[in-house]
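Coordinates in review
Single-letter residue listing:
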Amino acid sequence: MKEIVPLLLNWFPEHKRDLEWRNTTSAYSILISEIMLQQTRVETVRPYYLRFIKELPDFNALASCEDQRLLKLWEGLGYYSRARNLKKCAQQIVSKYHSIFPANYEDAIALPGIGAYTCGAILSRAYQMKYAAVDGNVLRVLTRYLCCDKDIQKESTKLYFKSEIEKIMPEQSGMFNESLMELGATICMPKITKCDECPLMKTCKSFKNHSQLAYPVRTEKKEKKIFEYTCLFVTNGKNYILIPKDQNVLKGLPAPFLIDSFITSNEAIEYIEQQGFMVKNILPLKDNKHIFTHQIWYMKSYLINVLDIQNFPSYSVKQLQKEISIPTCFKKIMKEFIDL
C-alpha cells in the first residue's frame, strides 16, 4: 500500500475541508473533536465544538466542570456517556500527567473513553507519532483499494489494517491519518463514489473491476429493539418534575415519569395519584418516535397539572432552558408546552 502515501499527502492540503479542529496540534482540542464526532455528523458537531472549547478551554477547566453544566454543553449530541468519560479522562490527565495528554500509547489508551482509534488520532496529530487511526472511513477506503473481503465488523480486521498502515506511516503521520479519513468522508463514501476525483483511482483494484460498492464487507446489523413508553410530565404550573433514570440509554439523565407500556389518560391519573399527587387536569400530547442506535422508542405522552409537586426533583422553565440537560427524546415532546 505504500504507493498511496505520496498520493494522499499531495491531495489532502488542497482538497481538505476547512474544519474548526483541523488547524491545531492541541491534544485537548483534538480529543474533544474526536469524541464529539463519534456517531455524530460533522455539521452537527461544529457549533458544539466551538462552544465547548470556549466554555472549557483546557483539561483543568473540563476536570473541574460541574456535571450539570457539562451535560448542558453536550445537550443535543446524545450518547452522554461520552461527556462523562471526557471529564474522567481530563481528571486523570490533570492528576497523573500534570494536565498534559500523555505522549505514550500505553498511558493514553488506558485513559477513560480512549480507544485505539482516538488514541492514534491524538498521538499522530498532536505529537506526530506513527500510530494509525482506523475508523469506518479508513476501512472503506482500504478494503475497496485492495478488494479486501475481510469483515470490517471484526476487531481482527481493524487490528490488521492498523498494523498495515503503521508499516507505511510517513513522518507526517497526522496528515496521513487525516487524509485517509477525509478521502472516505468526501470521495470514497458509503453509497456514492466520486472515483474521477480520487487520487488513488489509477491503482485502486475495485475501481479497475467496477466493484467499489461491493466493499466493505460487513456482518448484517442487528435489528433495533422496539419499546413502547408512556411519558407523564407533571407540573404545578410553575415547575416541572424530571427524575434521573437508571436505564442504560438515559443513565443519570432527567426524565418524566416513564411507564413501559401505553396507558390511557385515566390510568395516567391513577398512576400519578398513587405517587401522592392531587391531579387538577390532564392534557394528552402528540405521539412521538425516537430512534437510538440500537433501540426505537414509541412514546405516548401526557401533561398532568397537580396541586403540589411535593419533594420530587423539579425545575423552572428558566432552569430547563439554561441549566438542565434534557434528552432529545423528551425535549421534542416538551417543546409542545414549554419554549425550549
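Above this text is the structure in question.
Throughout what follows, the structure given in this document is the object of discussion. Everything numeric here is computed off the predicted structure, so don't read it as measured data.

Quick look at the pattern of salt bridges now. Within this structure, the stated rule accounts for 14 salt bridges. For Lys331, the salt bridge identified is with Glu75, shortest N-O distance 2.6 Å. In this pair, Lys331 sits in helix α15 (residues 328-334) while Glu75 sits in the loop between α5 (67-74) and α6 (81-97), placing the two residues 256 residues apart along the sequence. The closest approach of N and O atoms between Glu178 and Arg125, which form a salt bridge, is 3.7 Å. Separated by 53 residues along the polypeptide, Glu178 in helix α11 (residues 173-186) and Arg125 in helix α8 (residues 116-127) bring together distant segments of the chain. The exposure class assigned to Arg125 is buried, which follows from its relative accessible area of 5%. Among the ionic contacts, a cluster of salt bridges with common partners joins Arg17, Arg22, Glu34, Arg125, Glu178 and Glu182.

Moving on to unusual backbone geometry. Cis geometry is adopted by the peptide bond preceding Pro216, which originates at Tyr215 and carries an omega value of 0°. Within the element layout of this structure, Pro216 appears in the loop between α12 (205-208) and β1 (225-235). Although it is not a glycine, His210 sits at a positive phi angle of roughly 55°. Along the polypeptide, His210 turns up in the loop between α12 and β1. Relative accessible area serves as the criterion here: at 69%, His210 is assigned to the exposed category.

The next subject is the pairing of β1. Of the strand pairs in this sheet, β1 and strand β8 (residues 295-306) are connected by 11 bridges, and their pairing is parallel. Of the residues in β8, the one forming a bridge with Thr235 is Asn305.

Criteria and cut-off values
Residues numbered from 1 in each chain as written. Predicted model: local features only at pLDDT ≥ 70, side-chain atom pairs only at ≥ 80, totals over all residues. Heavy atoms only, no water. Salt bridge = Lys/Arg side-chain N within 4 Å of Asp/Glu carboxyl O. Helix = DSSP H or I, 4+ residues; strand = E, 2+ residues; numbered from the N terminus. Buried < 20%, exposed > 50% of the residue type's maximum accessible area, 1.4 Å probe, protein only. Pairing = 2+ DSSP bridges.

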